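Listed here are the chains, written in short residue letters.
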Amino acid sequence: MLEKLKQLNPEIEFYDVNDAEFATFGKVIKNLDAAEIIETAKKIPNPESGSSYLPSVEDFEFLKITSGIENEFFGSLVTQIGYCWGHNNFLNATEWHTSSEINIAVTPLVLILGHIWDIRDGKIDSSKFKAFYLPAGTVVEVYSTSLHFCPCEVSENGFGCVVGLPLGTNTDLTVKKNDPMLFRKNKWIMAHCENEALINKGVVPGITGLNYEIKYKEI
């Protein structure tokens, strides 16, 4: 699959998540048994089009893995375990948090990642981003300095990604914000300059260059 993705997407640097290039973006976690949460996630039906995100899924948070994530990766902070799933092929935007994020690949998927230090005067060119392929079952920590957004699918069946974050992240703001890129609690975001849908929702345009489309099949 990785070689096929590289061939179909020559405009973006493509790597396996186990490659050394991932080291500044995050790390692969080997000591968490994600089998139960993956099977639970598979019971959630995909939307017919587009992607969906729930910051907290109760069925996930009763599972044993939740306490492991909370204690090992968030220093015993109360943690929410949510789900991002559906259909997506584009970079479209990027976001970041002041904390790491735990991702569990329920299906094979691609993460398009950048570094927060490459943002200059509220702008970043898409050439600064790299794509990483995660086989199904992969668990990763994505560092707080890593720019990321909705995963991309690698099959017509769509993608599924369990998301662990400190409680309250990605929920509605309850205070007046001074930073225009602060969009939700612990969520800063910028849209690709061509993404009118997000810009019309108040997301600041900041990504220039190609709005990468991850292709996975021959046309």
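Our subject is the structure listed above.
What you see is a predicted model, and the numbers here were worked out from it, not measured in a lab.

Visitor: Looking at this model, I keep getting lost on the pattern of salt bridges. Mind explaining?
Guide: Pairing of side chains with opposite charge becomes possible as their charged atoms draw close. For the coordinates displayed, the defined rule picks out 7 salt bridges. The partner of E3 in a salt bridge is K6, and the shortest N-O contact between them spans 3.8 Å. Of the two residues, E3 and K6 both sit in helix 1 (residues 2–8), 3 residues apart, roughly one turn of that helix. Across the salt bridge formed by K42 and E39, the nearest N and O atoms sit 3.4 Å from each other.

Visitor: Teacher, can you tell me more about the sheet that holds strand 4 (residues 79–86) here?
Guide: Two modes of strand pairing occur in sheets, parallel and antiparallel, and in both the strands are linked by backbone hydrogen bonds. A sheet is described by the order of its strands in space; here 6 strands give the open sequence 2-10-6-13-4-3, paired in antiparallel fashion. Two strands bound the open sheet, and with one partner strand each, they are strand 2 (26–28) and strand 3 (51–54). Neighbouring strand axes in the sheet, compared pairwise and without regard to direction, differ in orientation by 20 degrees on average. Note that strand 6 (residues 101–105) and strand 10 (residues 139–142) share 4 bridges and pair antiparallel. The residue of strand 10 that forms the bridge with I102 is E141.

Visitor: Looking at this structure, I do not really get the nonpolar core. What am I missing?
Guide: Where a protein is soluble and globular, its nonpolar side chains tend to be buried together. With 24 residues, the main nonpolar core has L5, F14, V110, I112 and I214 as its most contacted residues. Contributions of two or more residues to this core are made by helix 1, strand 7 (109–115), strand 9 (130–134) and strand 15 (187–192). With near-sequence residues (within four places) excluded, F14 lies in contact with L2, L5, K6, N9, V110, A131, Y133 and I214. Within the second largest apolar cluster, 21 residues are counted, among which are I65, F74, I81 and I102.

Visitor: Before we go on, may I ask you to explain the packing of aromatic side chains in this structure?
Guide: Each aromatic ring pair is described using two quantities: the centre-to-centre distance and the angle formed by the ring planes. Counting across every chain of the model gives 5 aromatic pairs. Centre to centre, the rings of F60 and Y83 are 5.7 Å apart; their planes meet at 90 degrees, and the pair counts as edge-to-face. Of this pair, F60 sits in helix 3 (residues 58–61) while Y83 sits in strand 4; the two residues are 23 residues apart in sequence, bridging distant segments of the chain. When sorted by exposure, F60 lands in the same class as Y83, which is buried. Three or more aromatic residues link up through ring pairs in this structure, and these residues are Y15, F22, F25 and F132.

What counts and what doesn't
Residues numbered from 1 in each chain as written. Predicted model: local features only at pLDDT ≥ 70, side-chain atom pairs only at ≥ 80, totals over all residues. Heavy atoms only, no water. Salt bridge = Lys/Arg side-chain N within 4 Å of Asp/Glu carboxyl O. Helix = DSSP H or I, 4+ residues; strand = E, 2+ residues; numbered from the N terminus. Pairing = 2+ DSSP bridges. Axes fitted to C-alpha atoms, helices over the stretch in contact; angles between N-to-C directions. Core = buried A, V, L, I, M, F, W, Y, C linked by side-chain atoms within 4.5 Å. Buried < 20%, exposed > 50% of the residue type's maximum accessible area, 1.4 Å probe, protein only. Contact = heavy atoms within 4.5 Å. Phe/Tyr/Trp six-rings, centres within 6.5 Å; stacked < 30°, edge-to-face > 60°.

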